[in-house]
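One-letter residues, chain by chain:
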Amino acid sequence: MEDSLTRLRAIQDEHDAVYREFEAEQRALEARFRARFRPLFASRGAEIAKGHVDRFWLSALNHHDALSEKVTEKDAEVLAYLMDVRDVYAEDKAADVAAGGDVAGSVEGSGDGTDGNAATGAASGDRGETTPNGGANNDNEGEQEDEDARVALNSFTLEFHFAPNPFFTNSVLYKKYIIDEEDELVGMEGCTINWKPGKNVMLKEVRRKNRSGSGRGRGGRGRGDGGGGAPPRTVVRTEPVDSFFNFFVPPPPPEEDAHDDDGGAMEEYEEYLEADFELGDLIRSELIPRALHWYTGEDAADDEEDERGHGRHRPGGMGGGLDADDDDDDDDDDDDDDSDDDSGPRGASGGNKGGNAAAQEECKQQ
């Protein structure tokens, strides 16, 4: 038996080596075609920027069932100024830099007023996967740099480019997904939204009258008789609300010392990460490559049943278990478990909104 297991192990190891070669060639092929897609998307953006097609991206978002659920009426007023949506892969950026160029239009390091160190979720030092260990010794520095490079190359950023507008000063809002060498999501980064005074659609003003000193006792109920005490005082405060723009401000992971004996906080956060990634994946794999079809409504009719797969210029298996297509297959196989395991964009939207809304008052907004 031991000899047989040894031979089986050797066969498996050989298979794994061949599969790694397949993945490397697949990634190279996808990168090569993304390089061909980029000038086409740039031409599309230039045509939209001429202003002859009204509210192109807002209409495209509204025709996509899963994405339109995130857009409120106030969001729509802001998204009317959206001029382009792009996906930028760290792998492509590194290749272009090595060749002496750069990925066209990449927001990172462009000095356009966005803050690359703004709201970070699990992507910075909070979980440790994506930032170098400052206390590492010299023997491990090279290994750590290699690991960081592998993580970075699998990552991608979604960029939303806006025309000058009355809502915020940013020209680009972005969301970065950090993927490790095993194609697993390990974190994300958002950005600071520099809202103009009174224009933050992620918050609402709530006015309440504080009657604590109004003399509502038996002797203070008369009108105009001087016995009513002090008049009610109006208290104004802000509360977070559901908004598409919560997407750009991911909540931080739960504190390690949080009083949560059953691990519910971390489980809820991981569910948020999964749902948020699926939302981002819809943007990069469906909205961006087929934007015109969503604008015209051609793709809207078969949104939920669309499994064509064409136009999805994304790394195969990106995100591992977070692949929305895999979830759909599981749902088809076992519809009875949908209510318990549904992690698709619709099933997770409630948790997504709630998780983001709770973090808004602490995020870096101006």
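The numbers attached to residues start from 1 for each chain and follow its sequence in the written order. Side-chain atom pairs in this predicted model are given and counted only at pLDDT of 80 or more, local residue features only at pLDDT of at least 70, and totals for whole chains, interfaces and linings cover all residues. Processing note: side-chain calculations cover all non-hydrogen atoms of the structure and skip hydrogens and water entirely.

A. View of unusual backbone geometry. Not every positive phi belongs to a glycine, and Arg-55 is a case in point at roughly 50°. With respect to the element layout, Arg-55 can be found in the loop between helix H1 (2-49) and helix H2 (56-62). Accessibility here uses a 1.4 Å probe with only protein chains present; expressed as a share of the type maximum, an area under 20% marks a residue as buried, one over 50% as exposed, and anything in between as partly exposed. With relative accessibility at 43%, the residue Arg-55 sits in the partly exposed group. Numbering of helices and strands runs from the N terminus; a helix is a DSSP stretch of H or I covering at least four residues, while a strand is a stretch of E covering at least two.

B. Fine view of the pattern of salt bridges. Should a side-chain nitrogen of Lys or Arg be within 4 Å of a carboxyl oxygen of Asp or Glu, the pair is scored as a salt bridge. Using the criterion set out here, one finds 9 salt bridges in the structure. A salt bridge links Asp-183 to Arg-27; its shortest N-O distance comes to 3.4 Å. Residue Asp-183 is located in the loop between strand E3 (172-179) and strand E4 (185-189), and its partner Arg-27 is located in helix H1; the two are separated by 156 residues in the primary sequence. Its salt-bridge partner being Arg-290, residue Asp-299 comes within 2.6 Å of it at the nearest N-O pair. Here Asp-299 matches Arg-290 in class, with each residue buried.

C. Geometry of the packing of aromatic side chains. Pairing of aromatic rings covers Phe, Tyr and the six-membered ring of Trp, with a centre-to-centre limit of 6.5 Å; geometry is then stacked below 30 degrees between planes, edge-to-face above 60, and tilted otherwise. The tally for this structure, following the rule as stated, stands at 23 aromatic pairs. Consider the rings of Phe-162 and Phe-245, whose centres lie 6.4 Å apart with planes at 40°: the pair is tilted. Here Phe-162 is found in strand E2 (residues 156-162), whereas its partner Phe-245 is found in the loop between strand E6 (233-240) and helix H7 (264-287), with 83 residues between them in sequence. You can call Phe-245 buried: its relative accessible area is 0%.

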